[in-house]
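Listed below are the residues making up each chain.
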There are 2 protein chains.
Amino acid sequence: MCLCVIERRTKMPAIQYSLAAGRLRRSEIRELLKLTRMSDVISFAGGLPDPSIFPYQAVKEAAIRAIDERGPLALQYSPTEGEPFLREQLAAFMQRQGESVAADDIFEVASSQQALDLIGKVLIDPHDPIVVELPSYIGALQAFTSYNPEYRGIRMDYNGVIPEELERTVAALCSSGRKPKFVYLIPDFQNPSGITLSLQRRKKVLEIASRFDLLLIEDSPYRELRFAGEMLPSLYSMDTERRVLYVKTFSKIFCPGFRIGWVMGPADLVEKLVMAKQGTDLCSSAFTSFVAAYFIESGHLEKQIALGKERYLRKSQLMLQALQKYMPEVEGLSWSKPEGGVFLWVTLPEYMDTEEMIKEAAESKVIFVVGKAFHCDGSGGNTMRLNFSYPTEEQIVEGIKRLARLIGKFVRHESAHVRPQA
Amino acid sequence: MCLCVIERRTKMPAIQYSLAAGRLRRSEIRELLKLTRMSDVISFAGGLPDPSIFPYQAVKEAAIRAIDERGPLALQYSPTEGEPFLREQLAAFMQRQGESVAADDIFEVASSQQALDLIGKVLIDPHDPIVVELPSYIGALQAFTSYNPEYRGIRMDYNGVIPEELERTVAALCSSGRKPKFVYLIPDFQNPSGITLSLQRRKKVLEIASRFDLLLIEDSPYRELRFAGEMLPSLYSMDTERRVLYVKTFSKIFCPGFRIGWVMGPADLVEKLVMAKQGTDLCSSAFTSFVAAYFIESGHLEKQIALGKERYLRKSQLMLQALQKYMPEVEGLSWSKPEGGVFLWVTLPEYMDTEEMIKEAAESKVIFVVGKAFHCDGSGGNTMRLNFSYPTEEQIVEGIKRLARLIGKFVRHESAHVRPQA
């Protein structure tokens, strides 16, 4: 047996991978999530919706209808552009959310992550400059990186990306003849920061985009999950020049298990994305498309969103209260106060490094994602992302206690006033 | 209004696409399929399974179980490697089919088409040589082409790819220091030709692969749909050196509407594919994975395959009889006699060009796919692919009549003996 194994090993082919394969990294989040399978670890690491509010009964009814009423189509290949019935329902849903969209404008994708990969495929050649927020969604960086762009990161404050920095960066690129292929933004309850781009800055960003003739990618997984403050118009709806590609998904507002996203924007670009999808997976799942379409048609999507808002408001408030109560009072320690979405962003004093903390955090049975992972320029060492949608209410309080205790240990006492633990 | 539209047009951004986008082509098959929406056109063009044998009741029962018994997991994100329950069921199914596979060996993908895209991503750098059959699956060519390889095509006869030609091509490449990244083969009831690689040639191909240290991609969507002759071992099962990546899918043996495929092979390569999938769509649909897993667990997959074999045997025989009866008797006209799968391949006299025929064919209300589309070297002008799984029995007979009449018109009469039409 042993010899046989060795024989097989010595004969295994010497596979030569592509340069793109050399740029692949295991997702840090997905690796961290493995830790959460140990049941006593409290995870603020993932971005998973709360399964206790999943609409099981409504999905079951929709699945039965999909088979009974549309069986031959639901089990067959569907058009690459997406199942027409779902595109109609998505357009109707978007219209009810105040967006002006027709069914024909909608391109169904198998997750918004797929949209990001297709965007990379049709737009990025090696060393092309692209612009992203600092920090930005780790999955977008992963998707784009496989096409080897040159990143330019734009810093954010608690009102979102800073327009003056965007302008300066774009102007510098353009003046050297290297207009960025696109600017990738998550304006609402950003992943990872939970920060929302203010209305004034939205106008400013669109004005800059117009002046420099930029393509904007607006990734919008959380927009409908606003549980406080006033809904702001999407960049897509404010744009009068068709320069915004709008990327949506069911993963946070409904459930991730269907892998359904959708995209709207410049017709020529969408056409290219459709062609790219043909070679990538031919088409999305007709079955989940029909189930989702019936789910929307029956009015369940709005109910589900209302439920999510209620639940995530409560959980975010709990987390904010716990942070307020347990975190050491120390200069340079702050966190975002999200008005929606599923994430909250903690900034620690400059001298702290969350990468150094993560191992000890896991030993203390609480995990988060280190902020550096979201920064295309390797900055953000003193930041971390916390998710409040997935952990239970008890876990939120207990987890923040553990985290606060841990951070307390890293405080340099000469400059800090550590409050005694409760 | 009019001015406004013009204003928008002039302001639309000047999008600069990637080189990969420039290589994208609309799938000829998907374009042709649009013609089939005209109800009186008989289509031999697609590769769609017969929806009249889809297992509606069993899928419905499996969907209900997925929600009732695994709801929280079925609507959530799943591991990138695939849902463990499905991987177990797939391994058990493969074992019953005579393959030696463990659940951990299986990487679930969102269609075998996705596997082909991921293979391109982790293996192909621009201008890398890869080897494919002449003809080969159009979707594979589409997936690989976006990574810009240099194709080497190996001719086939009715026993599959010709080993001597494979050896010559590989030897020439290797002697110039350009070992092909992989050899892509569809050994069973090949798409498009319907031809099966003989056992003797399978041995020969593996021997060549071993000698030149090649990676083989075995795409196997139809293998279980053998309705005549004896099942041949897969290259994967014959391989003792772990140099075969085996690509499977539900699309033909169960239904395409779930977008589920799976992959087994060299562990290091599979690991790279998993990492590439993370950036591409994060994970497959947990929901369809659970539905499929319950479907298999309940013993329905084997029943479905039995039904498919019975139906496609009957349809293929009808098509062969109709070809025999209606095709003009002319030198150089022949067709494959598939022992399984869903396609049949027609070779016309050298002087005929199916691309010239296709428009007239559509006018005669019958369509096929021109053979050239499957040839990486632009050859195959006198060939066409016919699908027998999707059209009804009546359509098969009537469609072949129409096709035979059309081909008859292209026969050069000095060399032909045209049989009077029935």
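Residues numbered from 1 in each chain as written. Chains lettered and ligands numbered in written order. Predicted model: local features only at pLDDT ≥ 70, side-chain atom pairs only at ≥ 80, totals over all residues.

**Student:** When you look at the domain arrangement of chain A in this model, what are you seeing that I'm missing?
**Tutor:** How big an interface is tends to be reported as the loss of accessible area on association of its parts. Residue and element names in this part refer to chain A. By domain assignment, chain A separates into domain 1 (25-54 + 303-410) and domain 2 (110-282). For domain 1 and domain 2, the distance between their C-alpha centroids amounts to 24 Å. Listed as interface residues are 30 residues of domain 1 and, on the opposing side, 30 residues of domain 2. Secondary-structure elements contributing two or more residues to the side of domain 1 that touches domain 2 are α13 (300-326) and β11 (343-347). At six residues, α13 tops the list of elements feeding residues into the side of domain 1 that touches domain 2. (Domains from an automatic or database assignment. Contact = placed C-beta atoms within 7 Å. Helix = DSSP H or I, 4+ residues; strand = E, 2+ residues; numbered from the N terminus.)

**Student:** Would you mind showing me how to read the interface of chain A and chain B here?
**Tutor:** With 75 residues of chain A in contact, the opposing surface of chain B contributes 75 residues. Breaking the side of chain A that touches chain B down by element, the ones donating at least two residues are α1 (2-11), α2 (19-23), α4 (56-74), α6 (112-123), α7 (138-145), α11 (267-281) and α12 (286-297) of chain A. Here the residues of the side of chain A that touches chain B sort into 38 nonpolar, 20 polar and 17 charged. (Nonpolar A, V, L, I, M, F, W, Y, C, P; charged D, E, K, R; others polar.)

**Student:** So what exactly am I meant to see when it comes to the sheet that holds strand β11 (residues 343-347) of chain B here?
**Tutor:** The pairing of strands in a sheet comes from backbone hydrogen bonds and takes either a parallel or an antiparallel form. Residues and elements named next belong to chain B. Taken together, the four strands give an open sheet; going across it, the order is β10-β11-β14-β13, and neighbouring strands pair in antiparallel fashion. Each edge of the open sheet is held by one strand with a lone partner, namely β10 (334-335) and β13 (369-370). Where β11 meets strand β14 (residues 383-387), five bridges bridge the pair, whose relative direction is antiparallel. Considered in β14, the bridge of Leu-344 is made with Leu-386. (Pairing = 2+ DSSP bridges.)

**Student:** Sorry, what's going on with the relation of the copies chain A and chain B here?
**Tutor:** Look at the two chain copies: a rotation about an axis and a shift along it is all it takes to match them. The transform that puts chain A on chain B rotates by 180° and translates by 0.0 Å along the axis, for an RMSD of 0.0 Å. Viewed as a symmetry operation, the transformation between the two copies matches a two-fold axis. A share of 100% of interface residues in chain A that are also interface residues in chain B marks the association as one of identical surfaces. (Least-squares fit on C-alpha atoms with pLDDT ≥ 70 in both.)

**Student:** Hey, could you run me through the sheet that holds strand β13 (residues 369-370) of chain A in this one?
**Tutor:** Strands sit in the order β10-β11-β14-β13 (chain A) across an open sheet of four strands; the sheet is antiparallel. What marks the edges here is a single partner per strand, and that holds for β10 (334-335) and β13 of chain A.

**Student:** What should I look at first to understand helix α8 (residues 163-175) of chain A in this one?
**Tutor:** Residues that lie three or four places apart on an α-helix share one face, since the helix turns once every 3.6 residues. Residues and elements named next belong to chain A. Helix length check: α8 (13 residues) gives 18 Å between terminal C-alpha atoms against 18 Å at 1.5 Å per residue, within 8%. Taken residue by residue, α8 has Pro-163, Leu-166 and Val-170 as its buried positions. What you see down the axis of α8 is that its buried residues fit within an arc of 55°, all on one side. Exposed residues on α8 whose side chains face more than 90 degrees from its buried face are Glu-164, Arg-168, Ala-172 and Ser-175. (Expected span 1.5 Å × (residues − 1). Buried ≥ 20, exposed ≤ 12 C-beta atoms within 10 Å, placed from the backbone. Arc of directions from axis to C-beta.)

**Student:** For this particular structure, what's the right way to read the nonpolar core?
**Tutor:** Most often, soluble globular proteins keep nonpolar side chains buried together rather than apart. Counting 259 residues, the largest nonpolar core has Leu-216, Val-263 and Val-291 of chain A together with Leu-216, Val-263 and Val-291 of chain B as its most contacted members. Discounting residues that sit within four places of it in the chain, Val-291 of chain A has contacts with Val-59, Ala-62, Ala-63 and Ala-66 of chain A. (Core = buried A, V, L, I, M, F, W, Y, C linked by C-beta atoms within 7 Å.)

**Student:** When you look at unusual backbone geometry in this model, what are you seeing that I'm missing?
**Tutor:** A negative phi angle is the norm for most residues apart from glycine, just as the trans form is the norm for most peptide bonds. Cis geometry marks the peptide bond from Leu-134 of chain B to Pro-135 of chain B; its omega dihedral reads 5°. By the secondary structure assignment, Pro-135 of chain B is in the loop between β3 (129-134) and α7 (138-145). Here the residue pair Asn-191 of chain B and Pro-192 of chain B is connected by a cis peptide bond, since its omega of 15° sits within 30 degrees of zero. Structurally, the position occupied by Pro-192 of chain B is in the loop between β6 (183-185) and α9 (199-212). Residue Arg-259 of chain A is not a glycine yet carries a positive backbone phi of 55°. Its location among the elements puts Arg-259 of chain A in the loop between β8 (244-249) and β9 (261-264).

**Student:** Help me understand the pairing of strand β4 (residues 150-157) of chain B, please; the structure alone is not making it clear to me.
**Tutor:** Each regular strand carries side chains that alternate between the two faces of the sheet. Residues and elements named next belong to chain B. Note that β3 and β4 share six bridges and pair parallel. Bridge assignment links Glu-133 to a residue of β4, and that residue is Ile-154. Where β4 and strand β5 (residues 160-161) come together, two bridges link them in antiparallel fashion. Bridge pairing in β5 links Asp-157 to Gly-160.

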